[in-house]
Amino acid sequence: IWGHWLHPADLPALSQALRAVVNFNILQDGRIRNIQIIKSSGAEALDESFYNAVAKSDPLPPLPMRLEGASLATEIEFRSVNME
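First, a word on scope: everything that follows refers to the structure included in this document. (Residues numbered from 1 in each chain as written. Predicted model: local features only at pLDDT ≥ 70, side-chain atom pairs only at ≥ 80, totals over all residues. Heavy atoms only, no water.)

### Brief notes about the packing of aromatic side chains
With the rule as written, the count across this model stands at four aromatic pairs. Relative to Phe 78, the ring of Trp 2 lies with its centre 5.0 Å away and its plane at 65°, an arrangement referred to as edge-to-face. Highlighted residues: Trp 2 in the segment before β1 (19-27) and Phe 78 in strand β3 (residues 71-79), separated in sequence by 76 residues. Phe 78 gets classed as buried once you look at its relative accessible area, which sits at 0%. Ring plane angle 20° and centroid distance 4.6 Å describe the contact between Phe 50 and Phe 78, whose orientation is recorded as stacked. With Phe 50 in helix α1 (residues 44-56) and Phe 78 in strand β3, this pair connects stretches of sequence that are 28 residues apart. The same class applies to Phe 50 and to Phe 78, which are both buried. (Phe/Tyr/Trp six-rings, centres within 6.5 Å; stacked < 30°, edge-to-face > 60°. Helix = DSSP H or I, 4+ residues; strand = E, 2+ residues; numbered from the N terminus. Buried < 20%, exposed > 50% of the residue type's maximum accessible area, 1.4 Å probe, protein only.)

So, in structure tokens, the structure goes:
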């Protein structure tokens, strides 16, 4: 997922690192569904870039067969880089 994240070019330099939390489900076959920003960074462009990083990672590798259930609820905390 990190490999798909791009810092928004139009976001000014940040004086401090910002963070956001993204929640999503991984289906048994690796497809990603129900992506949601559950804690905003306070910068819309940054939140959108975090959302897009998850969306562009679809599909992920399949879940191990030993995991029961149709999907795995996942939460990632993204932290922007202090650009100052």
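### Quick word on α1
The terminal C-alpha atoms of α1, which comprises 13 residues, lie 18 Å apart, in line with the 18 Å expected from a rise of 1.5 Å per residue. Restricting attention to buried positions, one finds in α1 the residues Leu 46, Asp 47, Ser 49, Phe 50, Ala 53 and Val 54. With its buried residues spanning 160° around the axis, α1 presents them on a single face. Of the surrounding secondary structure, the elements contacted by the buried residues of α1 are β1, β2 (32-39) and β3. (Expected span 1.5 Å × (residues − 1). Arc of directions from axis to C-beta. Contact = heavy atoms within 4.5 Å.)

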